[in-house]
Amino acid sequence: MSDTEKFVLIADAGDIARAAELRRVKMLATLVLAGCVVVLVIAKMMERVHPGFGFLAAFAEAATIGGLADWYAVVALFRRPLGLPIPHTAIIQQNQHRIAEKLGEFIEVHFLSPAPVDAKLREVDFASFISDWLTDAKKSSDLARFVLRLLPEALTAAETSGLKSYFTRRIVTQLQSVDLAPLAAGTLRGFIAEGRHKGMLDDLLQAIHDSLNKPETLALLREKIRNELPTLLKLYRADKFLLKRIAASATSFFEEVHADPKHPFRDEIDRILLTLPDKLANDKAYADRIDGLKRDLLARPELAALTRDIWANVKAFIDRNASGESNVLQYHLTNVFVEAGTQLRADSEMRDEINKGIVAVLRSFIADQKSGVSRFISDQVKSWDMKQLINLIEINIGKDLQYIRFNGALIGGLAGLALHTAEVVLKTL
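Assigned secondary structure in the protein consists of 20 helices and zero strands. A burial count over the protein gives 26% of its 429 residues as buried. Partitioning the contacts of the protein with sequence separation of at least 6, the portion at a separation of at least 24 is 70%.

In this section: the packing of aromatic side chains. Evaluation of the coordinates by the stated rule reveals one aromatic pair. Look at Tyr403 and Phe406: their rings are 5.5 Å apart centre to centre, the planes differ by 45°, and that puts the pair in the tilted class. Taken together, the residues span about one helical turn, with Tyr403 and Phe406 both in helix α20 (residues 386–428) at a distance of three residues. Look at Tyr403 and you get partly exposed, because its relative accessible area is 36%. Relative accessible area serves as the criterion here: at 18%, Phe406 is assigned to the buried category.

Another aspect to go through is the environment of Lys370. Tracing the backbone through its elements, the reader meets Lys370 in helix α19 (residues 348–383). Along the backbone, Lys370 and Val109 are 261 residues apart, and their C-alpha atoms lie at a distance of 9.0 Å. If near-sequence neighbours (up to four positions away) are discounted, Lys370 is found in contact with Glu108, Leu112, Ser113 and Pro114.

To continue, consider a negative patch on the surface. Judged by side-chain charge, Asp125, Glu349, Asp352 and Glu353 come together as a negatively charged surface patch. Relative to the assigned elements, Glu349 resides in helix α19.

Space left empty within the atom packing is revealed by a probe, the size of a water molecule, rolled over the atoms. Estimated volume of the largest pocket: approximately 410 Å³. Surrounding the largest pocket, 15 residues form its lining, Lys164, Thr168, Ile171, Val172 and Thr307 being those nearest its centre. Among the elements of the structure, α9 (163–177) and α17 (301–322) are those that each provide at least two residues to the lining of the largest pocket. Sorting elements by how many residues they give to the lining of the largest pocket places α9 first, with seven residues. In the lining of the largest pocket, the residues fall into nine nonpolar, three polar and three charged.

Looking at soluble globular proteins, one finds that nonpolar side chains tend to be buried together. One finds Leu134, Ala144, Leu148, Leu155, Ile318, Leu329, Leu333 and Phe337 forming the largest nonpolar core, which totals eight residues. Counting residues per element, the ones that place at least two in this core are α8 (137–161) and α18 (328–346). Leu329 has contacts with Leu148, Phe317, Ile318 and Asn321, leaving out every residue within four places of it along the chain. Among the nonpolar cores identified, the runner-up in size contains seven residues, and Val74, Leu389, Ile390 and Leu401 belong to it.

Turning our attention to the pattern of salt bridges. In total, this model carries 12 salt bridges according to the counting rule given. Of the charged contacts in the structure, one is a salt bridge between Arg24 and Glu21, with a shortest N-O distance of 2.5 Å. With Arg24 and Glu21 both in helix α2 (residues 13–46), this residue pair falls three residues apart, about one helical turn. We classify Arg24 as partly exposed; its relative accessible area is 46%. The class for Glu21 is partly exposed, based on a relative accessible area of 24%. Of the charged contacts, one joins Lys120 and Glu123 as a salt bridge, the two residues approaching to 3.4 Å between their closest N and O atoms. Here Lys120 and its partner Glu123 are both found in helix α6 (residues 114–123), three residues apart, which amounts to about one turn of the helix. The exposure class assigned to Glu123 is exposed, which follows from its relative accessible area of 58%.

As a further point, take a nonpolar patch on the surface. A contiguous nonpolar patch, built from Val37, Val38, Val41, Ile42, Met45, Met46 and Val49 and spanning about 610 Å² of accessible area, is present on the exposed surface. Mapped onto the secondary structure, Val38 falls in helix α2.

Let's shift gears to the UniProt feature "transmembrane region" (unreviewed entry) in the protein. The UniProt entry lists residues 28–46 and 52–78 under the feature "transmembrane region" (unreviewed entry), expressed in the numbering used here. Overall, residues 28–46 shows 100% helix and 0% strand. The separation of its end C-alpha atoms is 26 Å. Secondary structure content for residues 52–78 is 100% helix and 0% strand, while the C-alpha to C-alpha distance between its ends is 40 Å.

The next subject is the packing of α6 against α19. Contact geometry for α6 and α19: axes closest at 10 Å, N-to-C directions at 145°. The handedness of the crossing between α6 and α19 comes out as right-handed. The segment α6 lies against α19, with Pro114, Val117, Asp118, Leu121 and Arg122 engaging Val359, Leu362, Arg363, Ile366 and Lys370.

Mean pLDDT for the protein: 79, with 90% of residues reaching 70 or above. Note that residues 1–10 has pLDDT below 50 and, in this model, 13 contacts with residues that lie over four places away or in other chains. Between residues 232–236, whose pLDDT stays under 50, and residues either more than four places distant or in other chains, the model counts three contacts.

Here we take up the environment of Ile91. Mapped onto the secondary structure, Ile91 falls in helix α4 (residues 91–94). For Ile91, a relative accessible area of 37% gives the class partly exposed. Counting along the chain gives 11 residues from Ile91 to Arg80, while the straight-line C-alpha distance between them is 8.7 Å.

The next subject is the side chain of Arg351. With respect to the helices and strands, Arg351 occurs in helix α19. The charged side chain of Arg351 is buried without a salt bridge, its nearest counter-charge being Asp125 at 4.8 Å. Within the local environment of Arg351, its side chain forms a polar contact with the backbone oxygen of Arg345, the two atoms lying 2.4 Å apart. Those residues within four positions of Arg351 in sequence are excluded, and the remaining contacts are Ala127, Ser128, Leu344, Arg345 and Ala346.

Moving on, we get to the packing of helix α10 (residues 180–193) against helix α15 (residues 264–282). It is at 8 Å that the axes of α10 and α15 come closest, and there the two elements cross at 160°. By the angle between their axes, α10 is roughly antiparallel relative to α15. Taken as a pair, α10 and α15 cross one another with a handedness that is left-handed. Residues Ala181, Ala184, Ala185, Leu188, Arg189 and Ile192 of α10 touch α15, and the partners they reach there are Leu273, Leu274, Leu276, Pro277, Asp278, Leu280 and Ala281.

Conventions and cut-offs
Residues numbered from 1 in each chain as written. Predicted model: local features only at pLDDT ≥ 70, side-chain atom pairs only at ≥ 80, totals over all residues. Heavy atoms only, no water. Helix = DSSP H or I, 4+ residues; strand = E, 2+ residues; numbered from the N terminus. Buried < 20%, exposed > 50% of the residue type's maximum accessible area, 1.4 Å probe, protein only. Contact = heavy atoms within 4.5 Å. Phe/Tyr/Trp six-rings, centres within 6.5 Å; stacked < 30°, edge-to-face > 60°. Patch = residues over 30% accessible without salt bridge, like charges linked within 9 Å, V, L, I, M, F, W, Y side chains within 5 Å. Areas by Shrake-Rupley, 256 points an atom, 1.4 Å probe, with all protein chains shown as cover. Salt bridge = Lys/Arg side-chain N within 4 Å of Asp/Glu carboxyl O. Lys, Arg positive; Asp, Glu negative; His and termini not counted. Charge placed at Lys NZ, Arg CZ, Asp CG, Glu CD. 1 Å grid on protein atoms, 1.4 Å probe; cavity = no way out; pocket = protein on both sides within 12 Å on 5 of 7 lines; lining within 4 Å. Points joined across faces, edges and corners; volume = space filled by probe spheres on them. Nonpolar A, V, L, I, M, F, W, Y, C, P; charged D, E, K, R; others polar. Core = buried A, V, L, I, M, F, W, Y, C linked by side-chain atoms within 4.5 Å. UniProt positions renumbered as here; feature names shortened; annotations may be inferred. Axes fitted to C-alpha atoms, helices over the stretch in contact; angles between N-to-C directions. Left-handed = near helix turned anticlockwise from the far one by under 90°. pLDDT = per-residue confidence, 0-100. Polar contact = N/O pair within 3.5 Å; in protein donor to acceptor, adjacent residues only side chain to side chain. Parallel < 35°, antiparallel > 145°, perpendicular 65-115°, else oblique.

Okay, here's the thing in structure tokens:
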């Protein structure tokens, strides 16, 4: 297989071009070396004709030696010169494992050490990237679509794996552990402090007033009164008279309370309500009643059925949106993502906090994994095909190495010329 064919196996178009350039430079360096040999031979033959050819011969001789020495050095770096088993040649091939270990160690110590990693991570504005990404409506829409595609599978996995039952039990357990009495006391205390109970009392009185004056309500009350009256009073239709009096008195009372913000009935309601938060917070009997009510409610089979219905409806809704039958959820998710990106862009403090959090996570992750990265790099280098690797290295840096041969020939020739000149001068003294 030719060198060009070897390069094609491992190189892209750019490497193929560099391989061609390397062959050209190699050929030129070889021609220079051959030229030095030819000049040496001619100069040696012509040295008898004129002493000046001695200087040329000295230059050509030293240039030939320098060129040969540097050719040997360049070749020995990659392979054995002329295929001979000369010690300390094919250096890269012979030291593959050591190079792999040192490369992995070098990257771990100098590239993945805490200081440079932290400095590099702090240069990256992760939060701005996230905000820019989210504020792009198309990208947020793609993200929403991706999330929707995952949701049905996630819900199915939750059902089949028992996660649904686990979370349901956890939620019920958490609800059972909540002490409702202090919570109810605090809520009621705030409700009263804001005066919202007064409006609720007005609404309640109005509702009772309206209900009491409905024909069907009056008919039920009259029937109840009639059943309780003696037979004699029924003959005189006392039930009708009593119903009218009761309805009139109740209506009059409700209207008085509704019209008078300082009515004694309101004061009595306020007194009762103001004592209730303290009783809820301090009276164990009240706390036990509320706790019993909570347990009874959580134990009701209707609650479990309601939970199953809610889950089924949510799952059906998500399935419809994931299949494209409905775009409601995708639309809202897209808006949520875009709005989140917009708010993040406007909030510099939040961006700083996000960046600090990401840097801390990545720094810890890299610190934990850097030895693994070092081993991975080392193992990869050890497993490389060294012939292909050497070909790849050579076509990328081989051209510069070939110029060493030119420099060796030139420097060697100049050194030889200087030494010959010094010899001639010494002889003339």
